[in-house]
Amino acid sequence: MTGWEYAKGLHPVKEGVYAYLVPPGLWGNSNCGLIVDGGESLVVDTRYDLELTGEMLKSMETVPGAVPVNYLVNTHIDGDHIFGNQLLKDAEIIASKTCTKEFKTEITPQGYAEILENAPNLGKFGQYFIQTFSQFHFEGIDMTPPTRSFENRMELKIGNKEINLIEVGPAHTKGDSMVYIPGDKVLFAGDVVISTGAPVSWEGPLDSMIKALDLILSLDVEVLVPGHGPLGDKSAAQKNKDYWEYTAGEAIKFYDQGMPAVEAAERISATGRYRSEQQAILNIINIHMLYRDISGDQTPPDKPGIFGQIAEMVIPD
Ligand SMILES: [Zn+2]
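Source: prediction; values computed, not measured.

Side note on the side chain of Asp 233
And step 1. Among the structural elements, Asp 233 can be located in the loop between strand S12 (223-228) and helix H7 (235-256).
And step 2. No salt bridge is formed by the buried Asp 233, whose closest oppositely charged neighbour, Lys 239, lies at an N-O distance of 7.4 Å.
And step 3. Within the local environment of Asp 233, its side chain forms a polar contact with the side chain of Ser 235, the two groups lying 2.6 Å apart.

Digging into the coordination of the zinc ion
And step 1. Distances from the zinc ion to its protein donors, Asp 80 (OD), His 81 (NE2), Asp 191 (OD) and His 228 (NE2), fall at 2.1 to 2.7 Å.
And step 2. Geometry at the zinc ion is irregular, judged from its four donor atoms and the angles of 82 to 167° they form at the metal.
And step 3. Summarised as a motif, the one-chain spacing of the donors to the zinc ion is D-H-x109-D-x36-H. Of this pair, Asp 191 sits in strand S11 (residues 186-194) while His 228 sits in strand S12, placing them 37 residues apart in sequence. In this pair, the class of Asp 191 matches that of His 228, namely buried.

Considerations on a nonpolar patch on the surface
And step 1. Together, Ile 252, Tyr 255 and Ile 294 give the surface a local cluster of nonpolar side chains, amounting to about 230 Å² of exposed area.
And step 2. Position of Tyr 255 among the secondary structure elements: in helix H7.
And step 3. Classification of Tyr 255 by relative accessible area gives partly exposed; the value is 31%.

Some details on helix H8 (residues 261-271)
And step 1. Of the positions making up H8, those classed as buried are Ala 261, Ala 264, Ala 265, Ile 268 and Ser 269. The buried residues of H8 occupy an angular sector of 130° when the element is viewed end-on, so they sit on one face. Structural note: H8 exposes Ala 270 and Thr 271 on the side pointing more than 90 degrees away from its buried face.

Points about the nonpolar core
And step 1. Within the largest apolar cluster, 67 residues are counted, with the highest numbers of intra-cluster contacts made by Phe 133, Phe 138, Leu 187, Ile 216, Leu 224 and Ile 287.
And step 2. Counting residues in hydrophobic clusters, the runner-up holds 23 residues, among them Val 13, Ile 163, Ile 181 and Val 186.

Details of the packing of aromatic side chains
And step 1. Enumeration over the complete set of coordinates arrives at 23 aromatic pairs.
And step 2. Measuring from centroid to centroid gives 6.1 Å for Tyr 112 and Phe 129, while their planes differ by 40°, and the two rings are tilted. Of the two residues, Tyr 112 is situated in helix H4 (residues 109-118) and Phe 129 in helix H5 (residues 123-133); the sequence distance between them amounts to 17 residues. As far as the burial class goes, Tyr 112 and Phe 129 line up, both buried.
And step 3. When the ring centre of Trp 202 is taken as reference, the NZ or CZ atom of Lys 303 above it lies at 5.5 Å.

A closer look at the sheet that holds strand S4 (residues 40-44)
Two strands in a sheet stick together by hydrogen bonds in their backbones, pointing the same way (parallel) or opposite ways (antiparallel).
And step 1. The seven strands are arranged S1-S2-S3-S4-S5-S6-S7 in an open sheet whose pairing can be described as mixed. Of all the strands in the sheet, the pair left with one neighbour each is strand S1 (9-14) and strand S7 (148-150). The sheet shows a mean angle of 25° between the axes of neighbouring strands, direction not considered.
And step 2. Here three bridges tie strand S5 (residues 71-73) to strand S6 (residues 92-96), and the two strands are oriented parallel to one another. For Tyr 71, the partnering residue across the bridge sits in S6 and is Glu 92.
And step 3. Along the sheet, helix H1 (residues 50-60) contacts S1, strand S2 (17-21), strand S3 (32-37) and S4; its crossing angle with S2, the most-contacted strand, is approximately 150°.

Criteria and thresholds
Residues numbered from 1 in each chain as written. Predicted model: local features only at pLDDT ≥ 70, side-chain atom pairs only at ≥ 80, totals over all residues. Heavy atoms only, no water. Helix = DSSP H or I, 4+ residues; strand = E, 2+ residues; numbered from the N terminus. Buried < 20%, exposed > 50% of the residue type's maximum accessible area, 1.4 Å probe, protein only. Lys, Arg positive; Asp, Glu negative; His and termini not counted. Salt bridge = Lys/Arg side-chain N within 4 Å of Asp/Glu carboxyl O. Polar contact = N/O pair within 3.5 Å; in protein donor to acceptor, adjacent residues only side chain to side chain. Donors = N, O, S within 2.8 Å, 3.2 Å for Na, K, Ca; no water. Tetrahedral: all angles 85-135°; square planar, octahedral: opposite > 155°, others 65-115°. Patch = residues over 30% accessible without salt bridge, like charges linked within 9 Å, V, L, I, M, F, W, Y side chains within 5 Å. Areas by Shrake-Rupley, 256 points an atom, 1.4 Å probe, with all protein chains shown as cover. Arc of directions from axis to C-beta. Core = buried A, V, L, I, M, F, W, Y, C linked by side-chain atoms within 4.5 Å. Phe/Tyr/Trp six-rings, centres within 6.5 Å; stacked < 30°, edge-to-face > 60°. Lys NZ or Arg CZ within 6 Å of the ring centre and 35° of its normal. Pairing = 2+ DSSP bridges. Axes fitted to C-alpha atoms, helices over the stretch in contact; angles between N-to-C directions. Contact = heavy atoms within 4.5 Å.

If you want it as structure tokens, here you go:
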């Protein structure tokens, strides 16, 4: 769908349904949502730090019936979708069971703060970490995990609006879920759909990601709010699917030639269909995922190692 404005802030997309957009949609510029009806409210995701989440909640307060917030849904574990939870600690916080477990295993705000502090000693890795994350404030954040978790599907009512929570992980992370409002034909897809540059998945597997996108394509959706990037419709999911199919085809070719993942990513970024700098960055993450997928490697992705390869590419000598 065209004509949606991609400007920072709260945008009404249907009666009582709002998207909170944060351009340009790169690292940490994540979108959120607000659903309000009959004096009840639900927020989809929080932001990377308390300041940014506070700013978002302030804009939501202008919507009658939005506060106090009754429910917060976390679509997945990444910090740019959960680190502001503490400001909604009085709400019922809901996530998939898998995502809830990851609150104990994934990097904490303190983890980011420590790396940032040590970053000047970490070469290009450190420089890129500073460049990417020093704009956020990770000190003083309490990890605030979900108070309720679900598997597969969960139904909820906000006033008269029926809300479906749909678990689709593993896709972008292990425990992704989406928030669907069938009556309004609105889908908050979390990072299963990213509409700026390329989509990204550390974990895979690819099959499961494609299954999630196919599910979106089967739903009745007029407005799709991606985890990052401008508002769209189902064509955003189709575009992500096209990317995955194309990139997976290239990855198999290079894997069979014995080419290391990082070189394959460089090759695809230089000559392939998806060529912006952001895509080159995400291609490195995605090719590692696809290689692990092809080889049947079950070990978790080496996130610091992969981030280091991105830093090598981005930071000049
Ligand atoms: Zn994200």
